[in-house]
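# Descriptive analysis of the structure
These are the residues of each chain, in order.
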2 protein chains.
Amino acid sequence: MASIDFPQAVIELVSALKKLPGVGPRSAERIAVWMIQHKKANPAILAEALEKAEAQVGSCPSCGFFIDDAGCSVCQASHRDQSLLCVVEQATDVIPMERSGVFEGMYHCLGGKLAPLDNITPDDLRISSLLQRVQASPDTEVILALSADVEGEATANYIDELLSPLDCKVTRIAHGLPAGGGLENADQLTLMRALQGRR
Amino acid sequence: MASIDFPQAVIELVSALKKLPGVGPRSAERIAVWMIQHKKANPAILAEALEKAEAQVGSCPSCGFFIDDAGCSVCQASHRDQSLLCVVEQATDVIPMERSGVFEGMYHCLGGKLAPLDNITPDDLRISSLLQRVQASPDTEVILALSADVEGEATANYIDELLSPLDCKVTRIAHGLPAGGGLENADQLTLMRALQGRR
């Protein structure tokens with residue numbers, strides 16, 4: 001005997017919601033039911049926002065940041081310091097940098113980091129376009145702002161070597177104690193790097 | 001100087017996602033970026049599912065469960081035991097009952113429970129339609145399956161009194177130790193009810 005379940009439209013909505021990152025089966029059900037019961041929540045607004053984002057948002061061919069019809073807000077920012085090029089892993093890494101308000105140069109998003117175990121090679125990253133950008137303006141200082149993990153380090157080393165014949169300045173962001181962090185909370189590697197990076 | 005941010009379409013998507021229950025600002029951003037970067041995720045499928053659910057899903061005028069174009073799967077289920085009427089708070093409460101597979105009667109969803117402090121009075125619940133259903137078939141056993149909290153108890157008492165002139169059988173689901181729960185984890189009230197409900 002078939003037991004009673006949600007109507008088909010709700011089941012389909014739950015299955016679409018379940019695919020989102022961080023949304024499990026129970027959250028998906030809660031969200032779906034909430035949307036149906038709170039007519040004021042207006043699922044149409046979310047549906048429209050989804051379709052608009054899908055249709056309009058792409059990736060900048062030059063720097064790799066998100067672009068829409070208005071073009072790339074990074075590459076078009078003429079008031080920014082063109083002689084500083086901050087290399088980050090993901091396009092999303094630009095946002096925390098910008099929110100901190102401490103950097104006013106240009107960005108280059110690699111689209112990931114080297115990870116041979118996951119079959120991510122230099123060809124999978126936007127490294128050749130980085131090379132072209134630096135070759136086009138050799139006075140640029142390239143700041144490598146990659147993760148402080150093994151893959152991030154390996155990627156930074158690889159780019160460093162690649163850029164060394166170009167005679168441009170290559171720096172890396174400092175690794176050390178995070179702000180507000182005491183010594184008792186720091187792991188061995190963080191402490192080692194904090195000591196090595198002492199000024 | 002304006003700092004770089006996501007394109008407008010992404011910001012709008014994040015703000016729509018943030019309104020969902022259990023989705024905070026950071027989750028909303030993660031979901032939005034994930035959708036844009038995983039083109040295979042196909043936001044259009046979610047958008048379509050949302051619109052379909054909004055357009056098709058309503059509430060059954062008789063029992064209060066979700067209905068779609070095909071009608072109410074509870075009220076139309078002719079093979080179910082018509083002489084058992086399980087009263088639950090929310091339409092969603094039907095789903096765990098059905099998944100447990102232990103009940104094969106009909107349902108009536110109140111749409112909430114009495115809560116004078118939140119201004120939820122009998123008129124806000126589907127109590128008068130419950131009365132009509134029971135009056136129409138007085139042989140029905142009404143099973144009150146409401147929450148084991150103060151409001152749930154109050155609602156059960158209220159309905160119990162309301163149905164008493166109708167000469168129908170009114171029962172309540174048992175309160176006691178949950179399956180797998182030891183005495184050491186049970187709170188005082190649970191233990192008291194478990195003792196009172198001993199058989």
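One can find the structure itself at the top, above this paragraph.
Computed from a predicted model, the values in this text were never measured in an experiment.

## A look at the overall build of chain A
- When you go through chain A residue by residue, the secondary structure sums to 7 helices and 7 strands.
- Helices and strands in chain A line up, N terminus first, as α-α-α-β-β-β-β-α-β-α-β-α-β-α.
- Relative to the 2.2 N^0.38 estimate, which gives 16 Å for 199 residues, the radius of gyration of chain A is 22 Å and therefore markedly larger than a compact globule would have.
- Counting only C-alpha atoms and orienting by the principal axes, one finds that chain A spans roughly 75 × 45 × 35 Å.

## Description of a negative patch on the surface
- On the surface, A:E48, A:E51, B:E48 and B:E51 cluster together to form a negatively charged patch.
- Elements that contribute at least two residues to the negative patch include exactly α3 (43-56) of chain A together with α3 (43-56) of chain B.
- On the basis of relative accessible area, B:E51 is assigned to the partly exposed category, the value being 35%.

## A short note on the relation of the copies chain B and chain A
- Rotating chain B by 180 degrees about the axis while translating it 0.0 Å along that axis superimposes it on chain A, leaving an RMSD of 0.1 Å. With respect to symmetry, the two chain copies, as superposed, fit the operation of a two-fold axis. No C-alpha of chain B approaches the rotation axis more nearly than that of B:A47, which lies at 2.0 Å.
- Interface residue correspondence from chain B to chain A reaches 98%, placing this contact among same-surface, isologous pairings.

## Remarks on the interface of chain B and chain A
- Of the residues lining the interface, 58 residues belong to chain B; the matching set on chain A comes to 58 residues.
- Summed over both partners, the interface of chain B with chain A buries about 5200 Å², with 70% contributed by carbon and sulfur atoms.
- Two residues, A:E12 and B:K52, come together in a salt bridge whose shortest N-O distance is 2.7 Å.
- Where chain B packs against chain A, one counts 4 residue pairs in polar contact (both at pLDDT 80 or more).
- For the side of chain B that touches chain A, the elements supplying multiple residues, two or more each, are α1 (8-18), α2 (25-37), α3, β2 (66-68) and α4 (94-100) of chain B.
- Of the residues forming the side of chain B that touches chain A, the biggest block, 12 residues, is contributed by α3(B).
- Within the side of chain B that touches chain A, the residues separate by chemical class into 34 nonpolar, 10 polar and 14 charged.

## Observations concerning the sheet that holds strand β3 (residues 71-72) of chain A
Residues and elements named next belong to chain A.
- In space, the 3 strands of this open sheet follow the order β1-β2-β3, with antiparallel pairing throughout. Looking along the sheet, the strands with just one partner apiece sit at the ends: β1 (58-59) and β3.
- Summarising the sheet, β1 and strand β2 (residues 66-68) pair through 2 bridges and their orientation is antiparallel. From the neighbouring strand, G58 faces β2, where its bridge partner is I67.

## Section: the sheet that holds strand β6 (residues 141-144) of chain A
Residue and element names in this part refer to chain A.
- If you walk across this open sheet you meet the 4 strands as β5-β4-β6-β7, and the pairing is parallel. Each having just a single partner strand, β5 (105-109) and β7 (169-172) make up the two edges of the open sheet. Taken over all neighbouring pairs, the strand axes of this sheet differ in orientation by 25 degrees on average, direction set aside.
- Of the pairings in the sheet, the one linking strand β4 (residues 81-88) to β6 comprises 4 bridges and is parallel in character. Paired with C86 across the strands is I143, a residue of β6.
- Strands in contact with helix α5 (residues 127-136) are β4, β5 and β6; relative to β5, the strand with the most contacts, it is inclined by about 155 degrees.
- Against the sheet, helix α6 (residues 150-163) engages β4, β6 and β7, with an angle of about 170 degrees to β7.

## What to know about a nonpolar patch on the surface
- Together, A:L177, A:L183 and A:L191 give the surface a local cluster of nonpolar side chains, amounting to about 250 Å² of exposed area.
- Topologically, A:L177 is positioned in the loop between β7 and α7 (188-196).

## Let's talk about the environment of A:D5
- When you line up the elements, A:D5 lands in the segment before α1 (8-18).
- Apart from the residues lying within four places of it in its own chain, the contact partners of A:D5 are A:I11, B:F65, B:S73, B:I95 and B:R99.

## Things to note about the nonpolar core
- A:L46, A:F65, B:L46 and B:F65 are the most contacted members of the largest nonpolar core, which totals 79 residues.
- Leave out the neighbours within four places in its chain, and A:L46 touches A:M35, B:L13, B:A16, B:L17, B:L20 and B:L50.

## A word on the pairing of strand β6 (residues 141-144) of chain B
Residue and element names in this part refer to chain B.
- Burial along β6 is two-sided: E141 and I143 and V142 and L144, pointing in opposite directions, are all buried.
- Across 4 bridges, β6 lies against strand β7 (residues 169-172) in parallel orientation. Residue pairing across strands places E141 opposite K169, the latter belonging to β7.

## Structural notes on the pattern of salt bridges
- All told, the structure shown has 16 salt bridges over all chains when counted by the stated rule.
- Ionic pairing is found between B:R99 and A:D5, a salt bridge with its closest N-O pair at 3.8 Å. Here B:R99 is found in helix α4, whereas its partner A:D5 is found in the segment before α1 on a different chain.
- The residue A:E29 makes a salt bridge to B:R99 at a minimum N-O spacing of 3.3 Å. Of the two residues, A:E29 sits in helix α2 (residues 25-37) while B:R99 sits in helix α4, which places them in two different chains.
- In this structure A:E29 comes out as partly exposed when scored by relative accessible area, which is 23%.

## Observations concerning unusual backbone geometry
Residue and element names in this part refer to chain B.
- Not every positive phi belongs to a glycine, and N119 is a case in point at roughly 65 degrees.
- With respect to the element layout, N119 can be found in the loop between β5 (105-109) and α5 (127-136).
- Backbone geometry places D167, a non-glycine residue, at a positive phi of 70 degrees.
- Structurally, D167 can be placed in the loop between α6 (150-163) and β7.

Definitions and cut-offs
Residues numbered from 1 in each chain as written. Chains lettered and ligands numbered in written order. Predicted model: local features only at pLDDT ≥ 70, side-chain atom pairs only at ≥ 80, totals over all residues. Heavy atoms only, no water. Helix = DSSP H or I, 4+ residues; strand = E, 2+ residues; numbered from the N terminus. Rg over C-alpha atoms; globule rule 2.2 N^0.38 Å. Patch = residues over 30% accessible without salt bridge, like charges linked within 9 Å, V, L, I, M, F, W, Y side chains within 5 Å. Areas by Shrake-Rupley, 256 points an atom, 1.4 Å probe, with all protein chains shown as cover. Salt bridge = Lys/Arg side-chain N within 4 Å of Asp/Glu carboxyl O. Lys, Arg positive; Asp, Glu negative; His and termini not counted. Charge placed at Lys NZ, Arg CZ, Asp CG, Glu CD. Buried < 20%, exposed > 50% of the residue type's maximum accessible area, 1.4 Å probe, protein only. Least-squares fit on C-alpha atoms with pLDDT ≥ 70 in both. Contact = heavy atoms within 4.5 Å. Buried area = accessible area lost by both parts, 1.4 Å probe. Polar contact = N/O pair within 3.5 Å; in protein donor to acceptor, adjacent residues only side chain to side chain. Nonpolar A, V, L, I, M, F, W, Y, C, P; charged D, E, K, R; others polar. Pairing = 2+ DSSP bridges. Axes fitted to C-alpha atoms, helices over the stretch in contact; angles between N-to-C directions. Core = buried A, V, L, I, M, F, W, Y, C linked by side-chain atoms within 4.5 Å.

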